[in-house]
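Analysis of the macromolecular model
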Amino acid sequence: MFDCKMIINKMYIERNKLKISAAVSCPFDVDVTSPKAKIIFECAGKTRRLPFLVTNYFRQKQSDSCIIVCAYTFLLDNIFYNFESDEDIKVHFEFYYGRDEDKSVAFTVSTNVLNENPDISIDEKYIEYECFDGVTVFSDDENDSVNDKSREKNTYSASFDCENRSIIISKSQYTNVKKSFAQKSRIIVPVLRFVFFILRILLSIALSPYFVIDGALAGLGILPRRKTKQIDGLFKNIFVQIKINFSSFIKTSFKKSVFIDNIRKPFIEIFKLYYKFLSKKDIVPNRVAFMSGRRDELSGNSLFVYDKIKNRDDIDFKFLLFSDPAGHNKPKYIVKFLKLYASSSVVIVDDYFRLLNIVDKRDGVTLIQLWHACGAFKTFGFTRLGKKGGPKQIEPNHRMYDYAVVSSREVAKHYAEGFGLSDENIVPFGVPRTDIFMNGEYADKVRKGFYEKYPTLKNKKIMLFAPTFRGNGQMSAFYPTEAFSPTDVYEQLKGDYAMLIRLHPFCKERFEIPEEYSDVIIDLSEEDELNDLLFVTDLLVTDYSSVVFEASLLDIPMVFYAYDLYDYISSRDFYYDFESFVPGEIVFSQKSLVNCIKQKDFESEKVQAFKNKFFDHLDGKSSDRVAQLILDNLF
């Protein structure tokens, strides 16, 4: 049995902010690189899982144990999305350490907590007089805190139910804050702000000679500087002083995203008003809208589901599809989105679709997320709370879905956490596009078509190199091509494998393949569907890509070229401890990769158990189940 203990070191509530820190102790395992703690909120049948951010990880050699310190500030008004209840919120903890887990962690309470909360009383046996704090620091970073008191709806209080391993949070008061005219106005104030923003820009152009001269004199030290921090370099100092003059007058930063946002905000308010008007009309019966910001044509899970119902005459199909990364900001797409979102019985998306954040989904519309990836591998969404590139607690990202379709019950909890959904909104029907892996006729057709297109590969073993991207998302995605040399690997393997390259669609980089290798090293990053390439693959080389799940369905041997594993863990992390999770050998250098392939040391015996864990359905009927879900929600 896993011996896991928790001490709550600090806990107090400031209006709607729950500030909590705890130290978890358990036996130390040298192979565990990324322990994880979760905090689960339950209220009136709704659940919300959130990461309990690990801030420190210590080994205690004398007892061969370790201590994991977790701390975070949770905004209680934002725990549940568009859901209000007067019932208490019950809180408990889960802890994951490599292959070990405790889904209801027992805890004791530090005297620090009781001193900070004199109204709380608990049984003596649950009080901890000596505890390990681990340097707890609560940060009210702008990513998570809400400083505007008018946005706080309620105040809360807490008590402990240590016997049942829970914290009970009660809503103690509803704060009915009187809104100002600026807060109540949906369109007048944003438009006025926009008009005065433009006027300030025009006036700043007229005053530019003054700003330039004044900034130059400030940079030279003749006039007081507008910035106290010393700036190296005379010309840089002058430039910064001039820039400050302009930005102070315009009352905005010159940072591109901030500047554009000032222009965008009033138009978004107008779009919201337009949506409100559209929502007064009736929903169109049996209208199904497919939306995607990934591709210009229907593909992946959406296409497989559409093929199941496309011949029905009683369904009104609509589509909003684009691949432009800036498409979510273009008026033509926004207007079409609003029309379809307000009028469709069922709306289907296949990725993070940012336009959904503009307005609230109206009653009567069913929103289904057919997430493009299988299983649960890299952390995403609200699982990245508190990390670079992660969302803010106040953001609606993903939380409006009525259903999210996943591959198994095993991963349902991770998708509930990442999407910010309650457990009942996650349905393990299977991933529609994986149906092809149970279809022998389709597999034969793909292989035949591939070898007709690339006849020189017909009698060769094929290695597929398919890594994921680095970066925080589509706009910053890249793969460092210097980390892998296709020609060197091919030569060192003495031509035993032909090589196919498939970089992530977000990556713009491409490998330079010399002409003499063009028949045996082929970059298909822009041409072929990744799933189809697996039918001709004898060996998959990847890193942190979710393609491992699809590859397991075909029992393909895998090697994980994870040269930057620990950097990746610190920036992105995984739902499972990587080194005990992946169904294949892990290598950290190109030399080790070549040696692993030469020795055929693939650890392929792990693949079957991996497949059974992450797929509940291996019957090729996932598309049918999702299609029925759509039909059940039409009217």
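Residues numbered from 1 in each chain as written. Predicted model: local features only at pLDDT ≥ 70, side-chain atom pairs only at ≥ 80, totals over all residues. Heavy atoms only, no water.

The final tally for this structure, using the stated rule, is 28 salt bridges. Two residues, Asp307 and Lys310, come together in a salt bridge whose shortest N-O distance is 3.4 Å. The exposure class assigned to Asp307 is partly exposed, which follows from its relative accessible area of 37%. The residue Glu550 makes a salt bridge to Arg433 at a minimum N-O spacing of 2.5 Å. Of the two residues, Glu550 sits in helix H13 (residues 547-553) while Arg433 sits in the loop between strand S18 (426-427) and helix H10 (440-453), which places them 117 residues apart along the sequence. Taken together, the shared-partner salt bridges connect Lys36, Lys387 and Asp573 into one network. (Salt bridge = Lys/Arg side-chain N within 4 Å of Asp/Glu carboxyl O. Buried < 20%, exposed > 50% of the residue type's maximum accessible area, 1.4 Å probe, protein only. Helix = DSSP H or I, 4+ residues; strand = E, 2+ residues; numbered from the N terminus.)

What follows deals with the nonpolar core. Residues Phe337, Phe450, Leu500 and Phe578 are the most contacted members of the largest nonpolar core, which totals 88 residues. For this core, the element with the most residues is helix H8 (residues 331-343), which contributes seven residues. Ranked by size, the runner-up nonpolar core spans 49 residues in total, among them Met11, Phe52, Phe93 and Tyr126. (Core = buried A, V, L, I, M, F, W, Y, C linked by side-chain atoms within 4.5 Å.)

Along the chain, Asp564 falls in the loop between strand S23 (558-561) and helix H14 (565-571). The exposure class assigned to Asp564 is buried, which follows from its relative accessible area of 12%. Taking the C-alpha atoms as reference points, Asp564 and Ile462, 102 residues apart in sequence, are found 25 Å from one another. Those residues within four positions of Asp564 in sequence are excluded, and the remaining contacts are Arg470 and Tyr544. Within the structure, the side chain of Asp564 is placed 3.0 Å from the side chain of Arg470, a separation counted as a polar contact. (Contact = heavy atoms within 4.5 Å. Polar contact = N/O pair within 3.5 Å; in protein donor to acceptor, adjacent residues only side chain to side chain.)

Below, the discussion takes up a negative patch on the surface. On the surface, Asp488, Glu491, Glu515, Glu516 and Asp519 cluster together into a patch of negative charge. Following the sequence through the fold, Asp488 ends up in helix H11 (residues 486-492). With relative accessibility at 39%, the residue Asp488 sits in the partly exposed group. (Patch = residues over 30% accessible without salt bridge, like charges linked within 9 Å, V, L, I, M, F, W, Y side chains within 5 Å. Areas by Shrake-Rupley, 256 points an atom, 1.4 Å probe, with all protein chains shown as cover. Lys, Arg positive; Asp, Glu negative; His and termini not counted. Charge placed at Lys NZ, Arg CZ, Asp CG, Glu CD.)

A separate point is helix H4 (residues 208-219). Look at H4: 16 Å from first C-alpha to last across twelve residues, which is about the 16 Å you get at 1.5 Å a residue. Those residues of H4 that sit buried are Phe211, Asp214, Gly215, Ala218 and Gly219. Taken down its axis, H4 places every buried residue within 135° of arc, on the same side. Across from the buried face of H4, at angles greater than 90 degrees, the exposed residues are Tyr210 and Ile213. Just downstream of H4 lies Gly221, where phi reads positive at about 90°. (Expected span 1.5 Å × (residues − 1). Arc of directions from axis to C-beta.)

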